[in-house]
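# Structural features, examined
So the chains spell out like this:
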Amino acid sequence: MTLRFGLAAALVLAGSMTVLAQSHDSTHPQGQPHGPHEAVDPQVHAAMHALLGTWTGTLSSANGPEAMQLVAANDPDGRLTLTFTSDSAHFGPASDVALKGNAVRWTQALADGSCRASASLAAAKNQSPETLKGSLSCADASVPFSLKKTKE
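Calculation rules
- Residues numbered from 1 in each chain as written.
- Predicted model: local features only at pLDDT ≥ 70, side-chain atom pairs only at ≥ 80, totals over all residues.
- Heavy atoms only, no water.
- Phe/Tyr/Trp six-rings, centres within 6.5 Å; stacked < 30°, edge-to-face > 60°.
- Helix = DSSP H or I, 4+ residues; strand = E, 2+ residues; numbered from the N terminus.
- Buried < 20%, exposed > 50% of the residue type's maximum accessible area, 1.4 Å probe, protein only.

## Things to note about the packing of aromatic side chains
As enumerated under the stated definition, the model contains four aromatic pairs in all. With 5.8 Å between their ring centres and 45° between their planes, F84 and W106 make a pair best called tilted. Of this pair, F84 sits in strand 3 (residues 80-86) while W106 sits in strand 5 (residues 103-110); the two residues are 22 residues apart in sequence, bridging distant segments of the chain. Overall, the relative accessible area of 3% leaves F84 in the buried class. A ring pair is formed by F84 and F145, whose centres lie 5.5 Å apart and whose planes are at 85°; its orientation type is edge-to-face. Residue F84 is found in strand 3, and its partner F145 is found in strand 8 (residues 141-151); the two are separated by 61 residues along the sequence. Each member of the pair, F84 as well as F145, carries the same accessibility label: buried. Members of the aromatic cluster, joined through ring pairs, are F84, F91, W106 and F145.

Rendered as structure tokens:
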């Protein structure tokens, strides 16, 4: 069910990010099997790749800004996985990852519970890297973060 939801969300993402189709990563030929899922439209495929990579930046905590990193990857079954790390927070696995338009949403496990996370992806512009800005919404607080893509 999660794979179907992720694929449906990726289809919506592709409709709003058609420019990315022209900058597709050529490490594998289009139209080749990607695992247990059906072939994906090239524009959808390119949009799915936009989020993949390593993102670094800051999380605004009660103690001030702290360095953090987000790694977006595909698991062996082609599902999008997110791994959050920071200097002091103890993040667990991300679940319920969903793409819609230029936004990604997920549930982020923490040492003492879980938070809803959401972020918007902004494409690179004139020597400025892609950015991912969002927040972790936990119980009574919303903690913003800002990341820049550092690796594909």
